[in-house]
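# Architecture at a glance
Chain residues, written in single-letter form:
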Amino acid sequence: MAAELHVELVAADRSVWSGEATLVVARTTSGDIGVMPGHQPLLGVLESGPVTIRTSDGNTVVAAVHGGFISFADNKLSLLAEIVELSDEIDVQRAERALERAKSEADASAERRADVRLRAVSSR
């Protein structure tokens, strides 16, 4: 049996995903980070970006995460974010419209959120 870590992906309003994984990749203010079982303890600030979780059963879960924190200790990884959307919950056409609207209105933060949603979907 492969080594596992317990992952909790939590948004401000709900628990989004919880389970066992072999690898989690997330974007922090220090750059992209991959966390595997036995990783050294860490605490970091999440940047908006896709989070990829390789589950213990060989599946992949991808979520668009918009800011927050990541912490890892004792083989438990917590990703706490203001907004989290699983890639299969994202309406691609709506995200594309939001991206175009944000570009036309020169709204950089809305453009970034829409871009993250589309990158999460393309990573499924």
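A quick note: this is a predicted structure, and the numbers were derived from the prediction, not measured.

Let us now look at the environment of Val 51. Along the chain, the position of Val 51 falls in strand β5 (residues 49-55). On the basis of relative accessible area, Val 51 is assigned to the buried category, the value being 2%. Distance from Val 51 to Ser 123, taken between C-alpha atoms, is 9.5 Å for residues 72 residues apart in sequence. Apart from the residues within four sequence positions on either side, Val 51 is in contact with Val 24, Val 25, Ala 26, Val 61, Val 62, Ala 63, Val 65 and Leu 79.

Tracing the sequence through the fold places Thr 52 in strand β5. Once residues lying within four places of it in the same chain are set aside, the contact partners of Thr 52 are Leu 23, Val 24, Val 25, Thr 60, Val 61 and Val 62.

Let us look at the pairing of β5. Here β5 lies mainly inside the structure; six of its seven residues are buried. As judged from the four bridges shared by strand β2 (residues 14-28) and β5, these two strands associate in the antiparallel manner. If you follow Leu 23 over to β5, its bridge partner there is Arg 54. Relative to strand β6 (residues 60-66), β5 is paired through six bridges, and the arrangement is antiparallel. Across the sheet, residue Gly 49 finds its bridge partner in β6, namely Val 65.

Let us look at helix α2 (residues 108-122). With 15 residues, α2 should cover 21 Å at 1.5 Å per step; its first-to-last C-alpha distance of 21 Å lies within 8% of that length. Along α2, the residues classified as buried are Ala 110, Ala 114, Val 116, Arg 117, Leu 118, Ala 120 and Val 121. Lining the buried residues of α2 we find β5, β6, β9 (83-86) and α1 (92-104).

In this numbering, the UniProt entry assigns the feature "domain: ATP synthase F1 complex delta/epsilon subunit N-terminal" (unreviewed entry) to residues 5-82. In the segment residues 5-82, helix accounts for 0% and strand for 74%; the C-alpha atoms at its two ends are 23 Å apart.

So, on to the nonpolar core. Proteins that are soluble and globular tend to have nonpolar side chains buried together. Membership of the largest hydrophobic core comes to 24 residues, with the highest contact counts inside it found for Val 7, Leu 9, Val 24, Ile 53, Leu 77 and Leu 79. Looking at this core, the elements with two or more residues in it are β1 (5-11), β2, β4 (42-46), β5, β6, β7 (68-73), β8 (76-81) and β9. No other element matches β2, which puts five residues into this core. Setting aside its immediate chain neighbours within four residues, Leu 9 contacts Ser 15, Val 16, Trp 17, Ile 53, Ala 63, Val 65, Leu 79 and Val 84.

This brings us to the packing of α1 against α2. Packed helices, taken two at a time, are described by their axes: the angle between them and the distance between them. Put simply, α1 and α2 touch, their axes get as near as 8 Å, and they point 150 degrees apart. By the criterion of interaxial angle, the relationship of α1 to α2 is roughly antiparallel. At the point where α1 passes α2, the crossing takes the left-handed sense. Across the interface between the two elements, Val 92, Ala 95, Glu 96, Ala 98, Leu 99, Ala 102 and Lys 103 of α1 pack against Ala 110, Glu 111, Ala 114, Asp 115, Arg 117, Leu 118 and Val 121 of α2. Residue composition of the contact of α1 with α2, grouped by class: nine nonpolar, no polar and five charged.

Conventions adopted
- Residues numbered from 1 in each chain as written.
- Predicted model: local features only at pLDDT ≥ 70, side-chain atom pairs only at ≥ 80, totals over all residues.
- Heavy atoms only, no water.
- Helix = DSSP H or I, 4+ residues; strand = E, 2+ residues; numbered from the N terminus.
- Buried < 20%, exposed > 50% of the residue type's maximum accessible area, 1.4 Å probe, protein only.
- Contact = heavy atoms within 4.5 Å.
- Pairing = 2+ DSSP bridges.
- Expected span 1.5 Å × (residues − 1).
- UniProt positions renumbered as here; feature names shortened; annotations may be inferred.
- Core = buried A, V, L, I, M, F, W, Y, C linked by side-chain atoms within 4.5 Å.
- Axes fitted to C-alpha atoms, helices over the stretch in contact; angles between N-to-C directions.
- Parallel < 35°, antiparallel > 145°, perpendicular 65-115°, else oblique.
- Left-handed = near helix turned anticlockwise from the far one by under 90°.
- Nonpolar A, V, L, I, M, F, W, Y, C, P; charged D, E, K, R; others polar.

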